[in-house]
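# Architecture at a glance
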Amino acid sequence: MADATSALTIVTFPGRFGRLDQGGPGLILRERRGLRLTEVAAWDATGLDLPGPNASAPLGDGVALNIGPDRWLLVDTEASPDNAAVVDQSHGRVVLRLTGAAVREVLSKGCPIDLDRFAQGDVAATRLGPFATLLHGIEGGVDLYVARGYAQACWEWLTDAAGEYGYEVPIP
Amino acid sequence: MSNRLADGGLIDRGRRLRFRFDGRGYEGFQGDTLASALLANGARLVGRSFKYHRPRGVFAAGVEEPNALVTLLGQGRREPNARATTTELYDGLVAESQNRWPALSVDLMAVNGLLAPLLPAGFYYKTLFGGPGWRFFEPWVRRAAGLGKGSTAPDLDRYDHKYAHCEVLVVGAGPAGLAAALQAADGGERVMLVEQEPRVGGSLLWDRRTLDGRDGPAWAEAQAQALAAMDNVTLLRRTSAFGYYDDNLVALVERRTDHLAAAPAFTTRQRVWWVRAKRVVLATGAIEQPLLFPDNDRPGVMLAGAARAYLNRWAVKLGSRAVVYTNNDTAYACALDLAAAGIEVAALVDLRPAPDGPWPARLAEAGIALLAGHRLVGCRGGQSVHGVEAAPVNGGAAKPLGCDLVAVSGGWAPAVHLHAQAGGRLGYDEALGAYRPGPVRQAHESVGAATGMFELGQITGATVDDGDASPVGPGVEPAPGKVFVDLADDVTAADVELAQREGYRSVEHLKRYTTLGMGADQGKTSNLAGQSLSAKARAESNAAVGYPSFRPPYAPVTIGALAGADVGLRFVPQRRTALDDWHRRHGAIFVDAGHWRRPRAYLRNGETLEDAYVREAAHVRQSVGIADISTLGKIDIQGPDSLELLQRVYVNDFASLKVGRARYGLMLREDGLAGDDGTTARLGEHHYLMTTTTGHAEHTLSRLEYHLAVDWPELRCVVTSVTEQWAAIAVAGPSSRDLLREVLDGVDLDDVPFLAVADVTLDGVACRLFRISYSGELAYELHLPAGFAEAAWTRLLSAGDGLGVAPYGMEAMGALRIEKGHVTHAEMNGQTGAADLGLGRMAKAAKPHVGRAMSQRPALTDAERPALIGLVPTDGTTDFKGGMHLLREADVTPAPSLPVDSLGHVTSWSYSPALGMPIALALLNGGLAANDGATVYAHDPMGGRVVRARVVSPHFYDPKGERQRG
């Protein structure tokens, strides 16, 4: 079969939108497609050196995010933990990459955590407006994970919130 | 602008702004409020009072204003009850007055004033309640008493919310707030300073002080500039802190565009900030309190501080001859400012018999008469004040004083509202006649005038002039007459005394009985005076009387701002399946299922909903249909104790379930009633996939997580939601196997019996195939990674072209399941147990499980309980309606006469294509065992319909289940 269909097909159009007369766009927003996402949930010691609460760590070619007690999300990497379920979530989550000067301004419209203190490598299972999201601090921005079913609504939420700072959707 | 002083004021005389009030055009300057601009135009009458429709004028200069409430129009809006005193003027502003008919100057409703003796506190309660009274009088009362009219049109404005965190939040950018913010910011911590006004400075904007050799406004602006230059400081103007909640969470509302004639694009009108602060500094200042005297509500009577603000900040010549009435030193500066502005001051009337300190001498220097030891005993006028009468406090002849302005000061009360909202205690200061902040419960402190401390040099650390004045003064016994305590609600001194006489002693009762402090201003200039009167009537101290709870909001907040951006389509987030866009493009009408939206039916040319679902359901029975069932909850369960978990939560046994097979399971709640159902498949030795109903997916997952985390942490088992990972397509109908044979690889479908599971591939994509039937036909569920759902769906449709495959929606699915007598949450409604739903046999397994003990309560095993039955109309054609009550023949003959005992109710109904008639599922006392074949009458009391129906088995179609096993 051909490539998987994006959950954002009908809302992502490349271009610059919103208010652009203030030095913007303040937000660069794009979907990270084709990531391999694996949820690891352990009932006992995994035998692996996985990151602790609210943290991430490189693992193999990818990265492991701690997303809850004894629970991790592996991004573009694989592992064989002991005493754990390994569940494919590649289609279950949509990953958005947010960069630009206004990332915090946009996220703070719906995310109650202290984003000033949210650093590169940090992980937070939090909410953005009505959406349960996972934030991962990256260089110059944030990767945002949201359940596929909410992805379109979340995209629309973000672009609405970003309007006053201007935003750009790059050509994939 | 006839009443504008020739110079002075913090207004930009280069920018003239046009505005309209009650249809008449006026001009003001940039920097004006609506109130200052109206006063500058000599428009003194701005509103009618709440109850008696008495003429009212501007009383204050800020958020505490009780009188000057207007409706703002224009730009597609209609905002009632806006305070003219805080409404910044912009070019093109349109406003109208409220609570008058037909016009502000000729208000026929003012007849209420003549009826005033008949309209005391509690009048409506006493006179109109009980019997038909209130119903008859309510429309009249509502029309006569009230505020502005809201709009029923959609709000064209947009709002949003923002979260912020800081180490120090300073509320109020007056002298104390500026000083506190600068001090905190020097340490490098994150500081937020919020100011409700467009300018910083607070009292410095009008009280003509000098600090470090600069005039007050310039000094304040310099401090603000210094703060704005620091990276760690956020300064928000036009932003009010309106709520102080637990864990130092403070809510602010920022008015972003209200002051602009045209708002910039992509900018919300107002923003609510939720600020989590380590420490909060309340520099909220103080609010001037009035002195009470008869007819003290006439236009032209205003607070002395407000008079100074209109003079000094807005350069308004408030009148030609003034009387200043005070019990403290602060109003002396008002008299001096009035005189300096060329307004004759007839006298300064001071309650105190021998005021001392420097102020009386300054008054004498300016040639202003001082009437010490006097009080006002009368106030003449109509739509404007004409004069007052002053008499010695100890008794004696009243002396008339002609004037068109009365400036009043009863001292200054610290604005302790946020302190009290935060849980801080208050202490009554007899000298100040007001409450001061006491011990705190959260991390906040009050500074400056908010603590009752008014020494500017001490507050700011700056070198200041000698303009400090003490607000301390005695209380006053108002002379007899129509003495208004609460201007906003037309509460008089007599009302307060009446409440006391009638036993409403508690301050909370006083408030509710008289409506004291219940107006839009929340009693900012009336609560203290009302409480003092109550204390006198009770012969107790003010401290003993106490104060009612301080609650958010400090000042009114637009509902739109509280709602924020989550309105319209964003009110509830839309959750879409991977096939959502296909459904949309192919004529689906949608139905909400929680956050999900699901296709209800696919309408073809000219079809009604019923046409479409009957066609779709019949099609499934005849050939093959496909349905998007991706919304089913899917929970992956793994670990050595997975089976043990299932055994504990399901009523039926799963120990005998082999790898590669699936089983229907029922869960009970802890109270023994049915909780949720679904099939669970065993994918591996210690690996299961549980499915749940769409509506209970999250609830069931969190229940399992709770059991594992709290009740049974010893179980080595984990649960993971895979609802979003897997799309699911039901393939149902006699030709379903033929259709799947066309598209699936890796499986011989003849080797997949009923309730088996198989790993298959579709065009190279690994899928899971479950042979499960909800429709009662030969049927499968195909689970596949969501990103491939649309490709698989279209592949099924094209491969099945020769088989006549068609999609079907929720309505058809409902019809098919009702024909089969399958229950859903319409039946599993939180009041039914397993046996009531015809699932009693499943609960026979001799194993413990959640809800087992409670399910064996006598009440749940009573044979008379309502239980599931089927209904068909005896005429074979009349349809049912959900929620219809089932009644006996005697109760509907000749017509239903309510109330009657209901025997049960219809839970689900549909037209059955298979039976060719309407059918229904219902819960009926005694169930099928006691009623099989009986006749009952289904009654819809709202619609007035009665359907004669026969009780039948709920399994209308293929009761032995031969088709699904075929």
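Residues numbered from 1 in each chain as written. Chains lettered and ligands numbered in written order. Predicted model: local features only at pLDDT ≥ 70, side-chain atom pairs only at ≥ 80, totals over all residues. Heavy atoms only, no water.

### Describing the overall build of chain A
Heads up, the condition is: By the criteria applied, helices consist of DSSP H or I runs no shorter than four residues and strands consist of E runs no shorter than two, each listed in order from the N terminus. Radius of gyration: C-alpha atoms only; globule rule: 2.2 Å multiplied by the number of residues to the exponent 0.38. Exposure classes here rest on a 1.4 Å probe applied to the protein chains alone. A residue is buried below 20% of its type maximum, exposed above 50%, and partly exposed in between. Two residues form a contact once any of their heavy atoms are found within 4.5 Å. His is not counted, nor are the chain ends, whereas Lys and Arg count as positive and Asp and Glu as negative. Every charge is mapped onto a representative atom, which is NZ of Lys, CZ of Arg, CG of Asp or CD of Glu.
From N to C terminus, chain A includes 2 helices and 12 strands. Counting from the amino terminus, chain A carries its helices and strands in the arrangement β-β-β-β-β-β-β-β-α-β-β-β-α-β. Its C-alpha atoms give chain A a radius of gyration of 16 Å, within 12% of the compact-globule value 16 Å for 172 residues. A buried classification covers 56% of the 172 residues belonging to chain A. Contacts in chain A between residues at least 24 apart in sequence constitute 68% of all its contacts with a sequence separation of at least 6. Put simply, chain A has 14 plus and 22 minus side-chain charges, and the middle of one group is 6 Å from the middle of the other.

### Quick notes on the interface of chain A and chain B
Using the following cut-off: Computed with a 1.4 Å rolling probe, the buried area is the accessible surface lost when two parts are put together, summed over both parts. Each salt bridge in this description consists of a side-chain nitrogen of Lys or Arg and a carboxyl oxygen of Asp or Glu lying within 4 Å of one another. Under the rule applied, a polar contact is a pair of N or O atoms within 3.5 Å (in protein, one hydrogen donor and one hydrogen acceptor; residues adjacent in sequence only if both atoms are side-chain atoms).
Each partner contributes to the interface: chain A provides 47 residues, whereas chain B provides 47 residues. Summing the contributions of chain A and of chain B, the shared interface buries around 3800 Å²; its carbon and sulfur component is 51%. Where chain A touches chain B, the interface holds 9 salt bridges. Of the charged contacts, one joins Glu164(A) and Arg256(B) as a salt bridge, the two residues approaching to 2.6 Å between their closest N and O atoms. Summed over the shared surface of chain A and chain B, the result is 27 residue pairs in polar contact (both at pLDDT 80 or more). Contributions of two or more residues to the side of chain A that touches chain B are made by strand E3 (37–42), strand E7 (84–88) and helix H2 (148–162) of chain A. The leading source of residues in the side of chain A that touches chain B is H2(A), at 8 residues.

### Comments concerning the side chain of Arg238(B)
All names here are of chain B. As for its placement among the helices and strands, Arg238 is situated in the loop between strand E12 (233–236) and strand E13 (239–245). Look at Arg238 and you get buried, because its relative accessible area is 19%. Polar contacts involving the side chain of Arg238 include one to the side chain of Glu88, which spans 2.5 Å. Here Arg238 is in contact with Glu88, Glu195, Gln196, Glu197, Pro198, Val253, Glu254, Arg255 and His259, once residues within four sequence places are set aside.

### As for the packing of aromatic side chains
Residues and elements named next belong to chain B. To keep it simple, the criterion reads: Here a Phe, Tyr or Trp ring, Trp counted by its six-membered ring, pairs with any other such ring whose centre lies within 6.5 Å, and the pair is stacked when the planes are under 30 degrees apart, edge-to-face when over 60, and tilted otherwise.
For the coordinates displayed, the defined rule picks out 15 aromatic pairs over all chains. Judged by centre distance (6.3 Å) and plane angle (50°), the ring pair of Tyr245 and Trp274 falls under tilted. Remark: Trp274 occurs in strand E15 (residues 270–282) and Tyr245 occurs in strand E13; sequence separation between them is 29 residues. Centre to centre, the rings of Tyr504 and Tyr513 are 3.9 Å apart; their planes meet at 15°, and the pair counts as stacked.

### Some remarks on the sheet that holds strand E35 (residues 662–668) of chain B
All names here are of chain B. Formally: Following DSSP output, two strands are said to pair if at least two bridges run between them. The axes used here are C-alpha line fits, helices contributing only the stretch in contact, and every angle between their N-to-C directions lies in the interval 0 to 180 degrees.
Strand order in this open sheet of 5 strands is E35-E36-E37-E34-E38, and the pairing throughout is antiparallel. Both edges of this open sheet fall to E35 and strand E38 (718–721), since each of them pairs with a single strand only. Taking the axes of each pair of neighbouring strands and ignoring which way they run, one obtains an average angle of 30° across the sheet. Pairing between strand E36 (residues 674–684) and strand E37 (residues 687–692): 4 bridges, direction antiparallel. The residue of E37 that forms the bridge with Gly684 is His687. Running at roughly 160° to E38, helix H20 (residues 697–711) makes contact with strand E34 (633–638), E35, E36, E37 and E38 of the sheet.

### So, unusual backbone geometry
Of note, the amide linkage connecting Pro552(B) to Pro553(B) takes the cis form, showing an omega dihedral of 0°. Note that Pro553(B) resides in the loop between helix H15 (542–545) and helix H16 (559–563). Geometrically, the link from Leu898(B) to Pro899(B) is a cis peptide bond, its omega value of 0° lying close to zero. Inspection of the secondary structure assignment puts Pro899(B) in the loop between strand E46 (885–887) and strand E47 (904–912). Despite not being glycine, Asn54(A) has its phi angle at roughly 60°, a positive value. Looking at where Asn54(A) falls in the secondary structure, it is placed in the loop between E3 and strand E4 (56–59).

### Things to note about the sheet that holds strand E45 (residues 866–873) of chain B
Residues and elements named next belong to chain B. On the basis of which strands lie adjacent, the closed barrel formed by 6 strands has the order E45-E48-E47-E46-E49-E50 and antiparallel pairing. Along the sheet, successive strands turn relative to each other by an average axial angle of 45°, direction set aside. Where helix H23 (residues 810–820) meets the sheet, its contacts fall on E47 and strand E48 (917–925), and the angle it forms with E47 comes to roughly 115°.

### Points about the state of the cysteines
Residues and elements named next belong to chain B. Filter applied, for reference: We call a pair of cysteine sulfur atoms a disulfide when they lie within 2.5 Å.
Enumeration over the complete set of coordinates arrives at 0 disulfides over all chains. Cys334 takes part in no disulfide bond, and the closest cysteine sulfur, belonging to Cys403, lies 12 Å away. Cys334 sits in the buried class, given a relative accessible area of 1%. In this structure Cys379 is a free cysteine whose sulfur lies 6.9 Å from that of Cys403, the closest cysteine sulfur available.

### Side note on the packing of helix H21 (residues 736–743) of chain B against helix H22 (residues 789–799) of chain B
All names here are of chain B. For clarity, the threshold we go by: Roughly parallel means an angle under 35 degrees; roughly antiparallel, over 145; roughly perpendicular, 65 to 115; everything else is oblique. Handedness of a crossing is defined here by the sense of rotation of the near helix relative to the far one, left-handed for an anticlockwise turn of less than a right angle and right-handed for a clockwise turn. Gly counts as polar in this scheme, as do all residues outside two lists: the nonpolar Ala, Val, Leu, Ile, Met, Phe, Trp, Tyr, Cys and Pro, and the charged Asp, Glu, Lys and Arg.
Relative orientation of the contacting elements H21 and H22 amounts to 115°, with a least axis distance of 9 Å. The angle between H21 and H22 places the two elements in the roughly perpendicular class. As for how H21 packs across H22, the hand of that crossing is right-handed. Taken together, the residues of H22 that come into contact with H21 (itself represented by Leu739, Leu740, Glu742 and Val743) are Arg795, Leu796 and Ala799. Residue composition of the contact of H21 with H22, by class: 5 nonpolar, no polar and 2 charged.

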